[in-house]
Each structure stands twice: as structure tokens, then as C-alpha cells.
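Take a look at the letters that make up each chain.
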Amino acid sequence: MLDFIVQRLVQAVFVMLTVAMISFSLFQFVGDPVNNMLGPEATAEQRLAARETLGLNDPIPVQFTKWVGNAVQGEFGQSYRMGRPVSDLIAQRLPATLELVAVSALIAVFVGVPMGVYTGLKRNSFLSKIFLTVSLIGISLPTFLIGILLILLFGVTLGWLPTFGRGGLTNIGNWETSLLTARGWSHLILPAITLALFQLTLIMRLVRAEMLEVLRTDYIKFAKARGLRQRSINFGHALKNTLVPVITIMGLQIGALLAFSIITETVFQWPGMGLLIIQAINFGDIPIMSSYLVLVALFFVIINLVVDLLYYVVDPRLRIERTAGAH
Amino acid sequence: MIRTGKLLASVAVVAMMSFGAQAEDNTFRYATTGDILGLDPHMHNHGTTNAVKGMIYGALVHRKYDLTLEPDLAESWENIDDVTWEFKLREGVTFHDGTPFTADDVLYSYERINQDGSEMRGFLSNVETIEKVDDHTIRIVTKGPDPILLQNLSLFFIVSQDFKEANDAFDVVVGGGTTNFANLNANGTGPYRLVEWQQDNRLVMEINEDFWGYDDLETNVRRAVFMPIGSDSTRVAAILSGEIDMMYPVPLQDVPRLDQDADIEVLQGPELRTIFLGMDQHRDELLDMPGSGENPFKDVRVRQAFAHALDLDAIQRVVMRGASTPTGSMIAPGIVGFDEEIAEPYEFNPERSRELLAEAGYPDGFPVTLDCPNDRYVNDEAICSAVIPMLRRIGIDANLNAQTLSLHFNKMGAAENYNTSFYMLGWTPGTYDALNAFQNLINEDAVWNSGRFFNERIEELTAQIAVTVDEDERNELIREAMQIHKDEVGHLPLHQQALAWAVRTDRVEHIEQRPFNDVDLRYVRMRD
């Protein structure tokens, strides 16, 4: 088990280096940050001096090596836009995004899986058909449109929920959370649903398909023959056997949630990493962009590692192989 | 199971209803597209940023909503001779942290604004020295007679010497390198004090009860929350739902929708920014015609042909939905030196354009690319997209290159050595005076004269405008220079875009719409 994790971590380092390198070469196309920093009235000498202090005159490989060298020591540089440490800015924004993504993921799983089970078991019921039709909308409408529609309905027409931003925040150390107050939740719920909807419908459809598959297998019939209760057959036997693919997809999708949160955060003016990166791109704020991309790569790596470990939890066969040491 | 579900749902709904927008009394919440760039009063020169700084910091004079000047930190002033002004400073004024304001702070601020990193130093570029006479008297000596010194002083914000020195914040630091205390903290003499600023999220100010003019303030706003909301539809939804009291700009297509709401009023008025197109009149060879050795824009007839080809009324009607004022001038009404006659647009006459092109030797037109931003001005890309077919109609092989503002301004600006043949730009003279437009757009050494228009007579006139104090004489000089610029078709002015603000009338009693499209809390009154 341990060498498996170590092996994964080594891979992770390479993945992140590659991401950093690709992002660095992309930054050649975002415009000259010096121009944005100094404004239109700066002289050519001032521009040159600024480029020199920022190290922008070095060749890309040199810039890259320097950046990686600093990043390894936990030093991500200063934002060009504000002159504040990138690590501070990201630390300030990370809680908002992580809470949004976590709540969305939970909604997607805890609503999506039961709906999938239900539609799998009661294929022909009226409710199943409604679920399936509605899920089509979730799959086919783009996120920003769903967000705007939800804002229009719950924020403007009904006036139940706030339409933008975070609110009702409490501080736990440096972590600003909206999960502890009702007001915080009222701000969180619309963006979370917006972000979750696509994943939710995906999971629901996946679980349904898997359930239909599993329910036809022999051991379900045997279980029935043994006189087990229907409930324990459905959840203990059938559902458990559908989970491996669901976990795989879920892992990939949490990464997608992080990525899609850029759109949701823009629509809801949610002050998280997505907004930060959008503004960084507009400004040509290279330190923020590279740190963000590497951070997202890190999340993907961690998520995939967790997913791999979860396989062991849900699938006993993998555990036996390992303990036998037949490697 | 189902019953608990229903119960939960109804609890949730009831709970949600109680979170509906509830505003505290006399808290004014307003939003616009982007955040301020920073709090350092001597760093950025940017509309929204200057507006916020103007509420927190004091200047020698304050510019009112109607563009006139009133005394602020200077109680009175007089001209001692052509180049010397004496200002009597207000006594008993304190900064937000309690330190008293004296002449030393003015001198210190002058020293501070005069650094390389400052975008604001241009406002004082004509100042030779500032001298202290006594603790509450200063003298400003200008390099030559300066008719617009006072206009410029309204953006010379005064900081506290003690505060900046105590926090080692003299340097104006731009961008990476070091963290910047002055850009993240504020200590001024203005009517509002900073409570907190979370970048891109919210900026909170509260009334300064120790403000020297507190008793005479028109406003009754105790607390103000400024929120940047980038997405248009989100901003519209926020005001519809009552979560904010005021927002700007209103997207043009949403004006009727908001006006229908009984509690919302849309205020519209002309802005001071003029949108125009510029043409490269400097290169010997047009960028789009490599190898030809020709630059058609050097011929005034070609420029005239372009001017007569643009149907400004159609742009106003269709692209701007009526929310613009077509113009033939580089400056807007309200700017010192504006002239009605010059503001009359060029006649729309494509026939004449084709004749002019033929006379100039381009009967079949020529290729040219129009560089355009797509996220800077109201409907910028749409305007350019409308210009393209108008030019094609007279035979010009026009193409559009629209991109995000940082790329656009890099390409057309000094950074890439004016790498454009044909471009869109908008300009508000920061001093509300025509001279600023000459110095930034039209003169030979102007930073944003990307087409490098040059006219010797205009150079001479500008030099005179800069030092002529007599108002009538000066306006006549401006008129003459503007007329030459128009006859020569130095640029192609399009229009002034309209301001559109949305205000919730159930919360806000009155708000003055300043033509420079930002909010001064001094002129906001909430309902009690």
C-alpha cells in the first residue's frame, strides 16, 4: 500500500511540472503585464526597468526554473496586480471555492445516487420518468444559463434567496466559512445547486444503468432465493456492486467541479479562486495564473489518489490480492 | 419518509424567506463592473478608483457633481503673480486617525505624488515647487501661467505625513516586489473612512463624524458597501431583488426591463468620454499593404472618405439603442473648450466617399484591419462590427480584429510601438479641459496618439492654450485648433456613450449622476 502511494506521489510531481511548463508557455499570449502595471504614461525606460525587476527579460526556461525553485520552497511570488503574496491571495479565496465544490459534490452524490437507485428499481414509475426528463435538462443546459435561471426564479421572482456573493461568514482561524450560519447557507445554496446539477444527473444516470445491469445478475437472484429482505438486496448487494464506476466518475467530476466553478463563480460573483483567475487572466498576472494551474493539478492528483484508495474500501477482492502479496 | 421530506421542504422554504434582502438603515449598497485598483491615492489613475479615493481623501479643492470646484482643504486662494498661487489651508482639520492636517502634509504629498511609479503625477506636471509659508499657508509656483491648475488640484489627494512615515509607506510601489501598505490602507481627511476592503468582494466605508464639513453634508448615508459584480445579468438580478440599492452601468438591453419595475428608476445622461477611431498617418507603408510602399491614410482625401462613410445615426439607433450622442468633436459637452459647431458630425455621404477615394487614387479601395477592444466600452465590438460593412460599401476591404482590452491597448499603444493602422479608443479628459485631449491624443508627443497625427499649427496653438489664462481668448485658441483637426480629419469621432444608472427608488431618495460615471456618496440621500 505504502509503495503504491509513494509511486503515485512521484507521478504527481511530474504531472505538476508538466502543467507548470505548459502554462508558462501559454503566458506568452496573455499580453504584457508591465503595460497593465505601469499604465499608459510610463516611459520606455520605466517599462524596461520593471521588466528587469520582474525577471521578464529572462528566457522562458530560466523564468520557469526560477519559479519552480521558489515554489518548492513554498514561495509563489507576488501578484503583479496587487503586489501581495500569491499564497495570501489564494489562501483567502480557497475556502470559498472549496466549500462551494464540497457542497456541490455532496448534493450530487446524496441526491444523485438515491435518484439513480430509485429509477433503476422502479423503471416504469411516473416519478422515474420525471427524473429522467428533468435530468436531460441538467445535462444539456450550460451552467451559466442554469445559474441565471435559478437567480431569476429564486432571487428575483420569488425573492427567497440572495442572488450573488457570500454572506453570513464566520471565521475559524484563517478559514472564512459560510457553513455555520443560515445566512451563509442561503448564499451558498443556489451556486452549489447550479454547479451540482450536471454532476447530479450524470451520477443518477450512471447508477441507474449500473443498477439495471447488476439486478439481472445471478447473485441477486440467489439473494432473493435466500429470502433476504428486499432492502438489503438493493442496497447491500446491488448498489455496492455499482459503486466502483461511480467512484471513478465522481473523482473525475470533482476535478471538473473545480474547473466549472470558474463559470459559476462568475455568474454568482462568488469570491473564490475562479473569480481570482479570471481577473488574473485579464490583467496578465502570471504568478497567480501559474500558481492556480499548479494547484488545480495538485487537486486532480490528490483526488485520483483518493479514488484509487477508495477502490480498496468498496472492493474486497483488491484487498485480498494485496495482502497475499502476489505482486 | 415522504412526510419528513415534505416537512423538511417547508421548513427550508420558511427559513429561506427570512433571508430575503434586508437592508440596514442608511446603508447604501452599490455595484459596478469592476473593483478599485488600490487605495494608494498617488498610484493609479482610474475612474472608479479615483471616485472612492475622493471620498476617503481630501484635496485642496473638490469637484462637485456639476463639475464646478469648491474649497476643500484649501479655504481660499489668490494669484500673487502669473505663476504664484497662495492657498490658505483650512484649520482644525484632522485625518481619520486623529492627526491634525497642516501644510507639511501638502508638501509631503507633493513629494510623494512626484515619484516614477505614480500615474497621478501628470496632474501636477506643471508645478515647479510647493512652498510652506506657515502651518496653514502654502504657495504653489507653476512652470508657466497655468489656467487649469485648480482643475488638476482636485485629483491631488493629501495624505498624512506621520501616518505614511510611521508605516514606511513613502514609496509608490507598483506591482510585484514588495507588499504595499499604502495601497491596502487609507487615512485621509474625507467625509468617509475606510472600514474594510476585500479585493474583488466588497469595500465598506462609514461616515466620518469628524469631517470638517460634517454639518453641511447633503448625504445621510452612514455606511456604504461597494461591490464589484462583473456579470451584467447578475448585476441586474441583484438590483431587481433589492440586494443592492444602485448599480451602473445598466446593460442597454435591460433598460426597459428595469424601467418597468415600479421601485427602480434608470437615470440616463451623457458621459464625458468620447469614442473615436484613429488612423495611422505616420508609417510610409500601411501594415495591411506590405510591399506596396503606400499608406493611403497620409492623404487627407482618404481620411475624409472614411469620415463620410460612417453612418453615425445608424450606430446610435441600432447598436447603441439610442443611448449615445453622435459627435464630430474629440471632446464632450461639459469639457472646457467644447464647441457646438465642431461637434456637428461629418455628413454621411458614401457617394462622396467613393469620389474622394477615386481622386486619391484608390477607386477600388485598399485593405485595412480595424483593431478594437471587446470588453472596454459600451458595445465596443458591436460598433466596430457595424463600421466594417459601412467601409466595405465604399470599397474598402475592411477587417475586424477585436480582442480583450489588455491585448488591444498593448497592440495599439506605445508598448508595441503603435502596432496598428486603424483603431478604436475612448478618452475622457481627466482635467475636464480640452488641453488634456490635445496633450494625450492629438499632439506629436501624445502617448495615445497611436496614429501619430501631426499638424504644426495645432502644436503651436496647444503651446499657447497651455499658458493662456484669459478664458475667451483661450476658448478661441481651442476652437481654432479643433477646427483644424476636424478639417484634417485627424481622428474619426463617433459618439459619447450614455450613462445608465439604475437606482432603487424605494430606498434611495435622491442621487446626483455625475457625468464621469461614478458615485460620490456626498450626493446620495436615502429614504428614512
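Trainee: Tell me about the overall build of chain B, and please be specific about residues and values.
Mentor: Along the backbone of chain B there are 16 helices and 21 strands. The C-alpha radius of gyration computed for chain B amounts to 25 Å, which stays within 12% of the reference 24 Å derived for 528 residues, consistent with globular compactness. Along the three orthogonal principal directions, the C-alpha set of chain B runs to about 80 × 75 × 45 Å. Buried residues in chain B amount to 59% of all 528 residues. Look at the contacts in chain B between residues 6 or more apart in sequence, and 69% of them connect residues 24 or more apart. Element-wise, carbon and sulfur atoms account for 46% of the exposed surface of chain B, whose accessible area totals about 20,600 Å². Taking the average location of the 44 positive side-chain charges in chain B and that of its 88 negative ones, the two points are 6 Å from each other.

Trainee: Could you give an account of the overall build of chain A, with specific residues and numbers?
Mentor: If you tally the helices and strands in chain A, you get 13 helices and two strands. Projected onto its principal axes, the C-alpha coordinates of chain A cover approximately 85 × 60 × 35 Å. In chain A, which comprises 327 residues, the share counted as buried stands at 46%. Nonlocal contacts in chain A, meaning residues at least 24 apart in sequence, comprise 71% of its contacts between residues at least 6 apart. Split by element, the accessible area of chain A, about 16,200 Å² in all, is 69% carbon and sulfur.

Trainee: I'd like to hear about the packing of aromatic side chains, residue by residue, with values.
Mentor: All names here are of chain B. Summed over the entire model, instances satisfying the criterion amount to 20 aromatic pairs over all chains. For the ring pair W77 and F87, a centre distance of 6.0 Å and an interplane angle of 40 degrees mean the geometry is tilted. With W77 in strand 5 (residues 74-81) and F87 in strand 6 (residues 84-89), the pair connects residues that are ten residues apart, well separated along the chain. Each residue in the set F297, F306, Y362, F366 and F422 is aromatic and connected to the rest through ring pairs, giving one cluster. Seen from the ring of W212, R90 lies directly overhead, with NZ or CZ sitting 3.6 Å from the centre.

Trainee: An account of the state of the cysteines is requested, with residue identities and associated values reported.
Mentor: Residues and elements named next belong to chain B. Within this structure, the stated rule accounts for one disulfide over all chains. One disulfide in the model links C372 with C384; its S-S distance is 2.1 Å. What sets the handedness of the C372 and C384 disulfide is the S-S torsion sign, and at about 80 degrees it is right-handed. One end of the pair, C372, is in strand 16 (residues 367-373); the other, C384, is in helix 12 (residues 380-393), and twelve residues separate them in sequence. As far as burial versus exposure is concerned, C372 and C384 are alike and both buried.

Trainee: Go over the pairing of strand 1 (residues 27-32) of chain B, please, and point to the residues and values.
Mentor: All names here are of chain B. Counting buried residues in strand 1 gives six out of six residues, a clear majority hidden from the surface. Taking every second residue as pointing to the same face, both faces of strand 1 are buried, with T27, R29 and A31 on one and F28, Y30 and T32 on the other. Summarising the sheet, strand 1 and strand 12 (residues 223-228) pair through six bridges and their orientation is parallel. Its bridge partner being in strand 12, R29 is matched across the sheet by V225.

Trainee: Got a sec to walk through the pattern of salt bridges? Specific residues and values, please.
Mentor: Residue and element names in this part refer to chain B. Evaluated as defined, the whole model comprises 33 salt bridges over all chains. Its salt-bridge partner being D518, residue R514 comes within 2.6 Å of it at the nearest N-O pair. Summarising the burial analysis for this pair, R514 and D518 share the class buried. When the shortest N-O distance is used, the salt bridge between D520 and R514 registers 3.4 Å. The same class applies to D520 as to R514, namely buried. Salt bridges linked by common partners bring R514, D518, D520 and R522 together as one network.

Trainee: Which residues make up the packing of helix 9 (residues 300-309) of chain B against helix 11 (residues 350-360) of chain B, and what values do they have?
Mentor: Angle between the axes and distance between the axes are the two parameters that describe a pair of packed helices. All names here are of chain B. Where helix 9 contacts helix 11, the two axes come as close as 8 Å, and the packing angle between them is 165 degrees. On the basis of the axis angle, helix 9 is roughly antiparallel to helix 11. In this structure, the crossing between helix 9 and helix 11 has a hand that is left-handed. Each of R301, V302, Q304, A305, H308 and A309 in helix 9 lies in contact with helix 11, whose residues at this interface are P350, R352, S353, L356, L357, E359 and A360. For the contact of helix 9 with helix 11, the class distribution of residues is seven nonpolar, three polar and three charged.

Trainee: I'd love a proper account of empty space enclosed by the protein, names of residues and values included.
Mentor: With the rule as written, the count across this model stands at six cavities of 30 Å³ or more. One number sums up the size of the largest cavity: a volume of about 90 Å³. Considering the residues around the largest cavity, the lining is formed by Q92, R93, R166, L169, E176 and P271 of chain A together with Q198, Q199 and N201 of chain B.

Trainee: An account of the nonpolar core is needed here, citing residue identities and associated values.
Mentor: All names here are of chain B. Counting residues in hydrophobic clusters, the biggest one holds 77 residues, and the most contacted among them are F306, F366 and F422. No other element matches the seven residues that helix 12 contributes to this core. When residues no more than four places from it in sequence are discounted, the contact partners of F422 are L277, G278, M279, F297, F306, V368, T369, L370, D371, L391 and L492.

Trainee: Hey, could you go over the domain arrangement of chain A for me, with residue numbers and the actual values?
Mentor: By the assigned domains, chain A splits into domain 1 (2-72) and domain 2 (90-283). Centre-to-centre separation of domain 1 of chain A and domain 2 of chain A, based on C-alpha positions: 35 Å.

Trainee: Could you give an account of the sheet that holds strand 6 of chain B, with specific residues and numbers?
Mentor: Residue and element names in this part refer to chain B. Ordered by their spatial adjacency, four strands build an open sheet running 5-6-8-7, and the pairing between neighbours is antiparallel. Every interior strand has two partners, whereas the edge strands, strand 5 and strand 7 (127-134), have only one. Along the sheet, successive strands turn relative to each other by an average axial angle of 20 degrees, direction set aside. Taken together, the six bridges between strand 5 and strand 6 define a ladder with antiparallel strand orientation. Within strand 6, the position partnered with E78 by the bridge is E86. Helix-sheet contacts for helix 3 (residues 103-113) involve strand 6, strand 7 and strand 8 (137-142), and the interaxial angle to strand 7 is about 165 degrees.

Trainee: An account of the packing of helix 1 (residues 2-26) of chain A against helix 12 (residues 286-314) of chain A is requested, with residue identities and associated values reported.
Mentor: All names here are of chain A. At a closest axis distance of 9 Å, the pairing of helix 1 and helix 12 adopts a crossing angle of 155 degrees. As the angle between them shows, helix 1 and helix 12 are arranged roughly antiparallel. Crossing of helix 1 over helix 12 shows right-handed handedness. Of helix 12, the residues touching helix 1 (which contributes F4, I5, R8, A12, V15, M16, V19, A20, S23 and F24) are S290, L293, V294, A297, L298, V301, N304, L305, D308 and L309.

Trainee: I'd like to hear about the side chain of T219 of chain B, residue by residue, with values.
Mentor: All names here are of chain B. Topologically, T219 is positioned in the loop between strand 11 (202-207) and strand 12. Engagement of the side chain of T219 in a polar contact is seen with the backbone nitrogen of V221, the distance being 3.0 Å. Sequence-distant contacts of T219, defined by excluding residues within four places in its chain, comprise Y192, I207, L521, R522, V524 and R525.

Scoring rules and cut-offs
Each chain carries its own residue numbering, running from 1 in the direction its sequence is written. Chain letters start at A and ligand numbers start at 1, both assigned in the order the entries are written. Totals for whole chains, interfaces and linings use all residues, but because this is a predicted model, local features are given only for residues with pLDDT of at least 70 and pairs of side-chain atoms are given and counted only at 80 or more. Only hydrogens and water are set aside when side-chain values are computed; all heavy atoms of the structure are taken into account. Helical segments are the DSSP runs of H or I of at least four residues, strand segments are the runs of E of at least two, and each set is numbered from the N terminus. Here the globule rule is a power law, 2.2 Å times the number of residues to the power 0.38, and the radius of gyration is based on C-alpha atoms. Burial here depends on accessible area, computed with a 1.4 Å probe over protein chains only, as a share of the maximum for the residue type. Under 20% is buried, over 50% is exposed, and the range in between is partly exposed. Note on contacts: a residue pair is in contact if any heavy atoms of the two residues lie within 4.5 Å. Residue burial considers only the protein chains on display, and all accessible areas are found by Shrake-Rupley using a 1.4 Å probe. Asp and Glu are treated as the negative residues and Lys and Arg as the positive ones, with His and the ends of the chain left uncounted. Charge placement uses NZ in Lys and CZ in Arg. For Asp and Glu, CG and CD serve respectively. Geometry of aromatic contacts follows a simple scheme: Phe, Tyr and Trp rings, the Trp one being its six-membered ring, pair when their centres are within 6.5 Å, and the pair is stacked under 30 degrees between planes, edge-to-face over 60, tilted otherwise. Placement of a positive charge over a ring is assigned whenever Lys NZ or Arg CZ falls within 6 Å of the ring centre and within 35 degrees of the normal to the ring plane. For this text, the term disulfide refers to a pair of cysteine sulfurs within 2.5 Å. For two strands to be treated as a pair, DSSP must find no fewer than two bridges joining them. Basic side-chain nitrogens of Lys or Arg form a salt bridge, by our definition, when they fall within 4 Å of a carboxyl oxygen of Asp or Glu. Where helices are involved, their axes are fitted lines through C-alpha atoms of the stretch in contact, as for all axes, and angles between N-to-C directions lie from 0 to 180°. Oblique is the label for every angle not falling under 35 degrees (roughly parallel), over 145 degrees (roughly antiparallel), or within 65 to 115 degrees (roughly perpendicular). Crossing handedness is defined as follows: a turn of the near helix away from the far one that is anticlockwise and smaller than a right angle gives a left-handed crossing, while the clockwise case is right-handed. Under this grouping Gly is polar, as are all residues other than the nonpolar Ala, Val, Leu, Ile, Met, Phe, Trp, Tyr, Cys and Pro and the charged Asp, Glu, Lys and Arg. Put simply, the grid is 1 Å and covers the protein atoms alone, a cavity is a trapped set of points that fit a 1.4 Å probe, a pocket is an open set with protein on both sides within 12 Å along at least five of seven lines, and lining residues have an atom within 4 Å of a point. Grid points are joined across faces, edges and corners, and a volume is the space filled by probe spheres set on the points. What is meant by a nonpolar core is a set of buried Ala, Val, Leu, Ile, Met, Phe, Trp, Tyr and Cys residues, joined one to another through side-chain atoms within 4.5 Å. What fixes the domain bounds is an automatic or database domain assignment. Distance and chemistry together define a polar contact, namely a pair of N or O atoms within 3.5 Å, with one atom able to donate a hydrogen and the other to accept it when in protein, and with adjacent residues in sequence counting only for side-chain atoms on both sides.

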